[in-house]
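Summary of structural features
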Amino acid sequence: MSIKPLIILPDPILRQVSTPVERVDGDLRKLADDMLETMYDAPGIGLAAIQVGEPRRLLVIDLAKEGEPPQPHVFINPEILESADRRSVYEEGCLSIPDYYAEVERPASVRVKYLDRDGKLQEMQAEGLMATCLQHEIDHLNGVLFIDHISKLKRDMVVRKFKKLAKDKAPGKMVG
């Protein structure tokens, strides 16, 4: 396995809509394993393929707490079938928007269909943090970031900050 470089805002690839996975094979499973390693290294609890530069409908999630054995989930071509009317609020962060967190309101539960790492069709009724995480990662596959769910004022401030950081890190910048 190998750690993949994370794509960071304001990279425009993060706004790209991911394409469906056509075939579940060894290469795709290797990508999922590499994504899990990248996510654990970051550390994070979810990662969409687009965040490592692969615009395919693939995401990984592991909600195991520190000290617990890993509980990795691989979701290929995930699709939300049903969302609850009831809402919940979680403080969300994102590996592609480092060190920024905001409260986001989403449906409290979702029913999702997807292919597992063996290509078998599955359905999951997700509640709580798993529901939030699935919605957050599926948003990535659709070119949506969690900051799109916060106020325009806050979102504009975050985007400006990350554009400035990217400009300051641009090649050819003189330091000192």
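Every value quoted in this text rests on a predicted model; they were computed, and no experiment measured them. (Residues numbered from 1 in each chain as written. Predicted model: local features only at pLDDT ≥ 70, side-chain atom pairs only at ≥ 80, totals over all residues. Heavy atoms only, no water.)

1. Points about the environment of cysteine 94
Where we set the bar: Secondary structure elements are defined from DSSP: runs of H or I of at least 4 residues count as helices, runs of E of at least 2 residues count as strands, and each element is numbered from the N terminus. Relative accessible area decides the class of each residue, using a 1.4 Å probe on protein chains only: under 20% of the type maximum gives buried, over 50% gives exposed, and in between gives partly exposed. Pairs of residues are marked as contacts when any of their non-hydrogen atoms sit within 4.5 Å.
Mapped onto the elements of the fold, cysteine 94 is located in strand S4 (residues 87-94). Classification of cysteine 94 by relative accessible area gives buried; the value is 10%. In this structure the C-alpha to C-alpha distance between cysteine 94 and valine 21, which are 73 residues apart in sequence, comes to 23 Å. Apart from residues no more than four positions distant in its own chain, cysteine 94 is found in contact with Gln51, Tyr100, His136, His140 and Phe146.

2. Considerations on the UniProt feature "binding site: Fe cation" (unreviewed entry) in the protein
We count it as follows: UniProt positions are given in the numbering used here, feature names are shortened, and annotations may be inferred rather than shown by experiment.
According to UniProt, the "binding site: Fe cation" (unreviewed entry) feature falls on Cys94, His136 and His140. Spanning 47 residues, the named residues nonetheless gather at one spot, since no C-alpha pair among them exceeds 10.2 Å. Look at histidine 136 and you get buried, because its relative accessible area is 6%. Apart from residues no more than four positions distant in its own chain, histidine 136 is found in contact with Glu92, Gly93, Cys94, Arg106 and Phe146.

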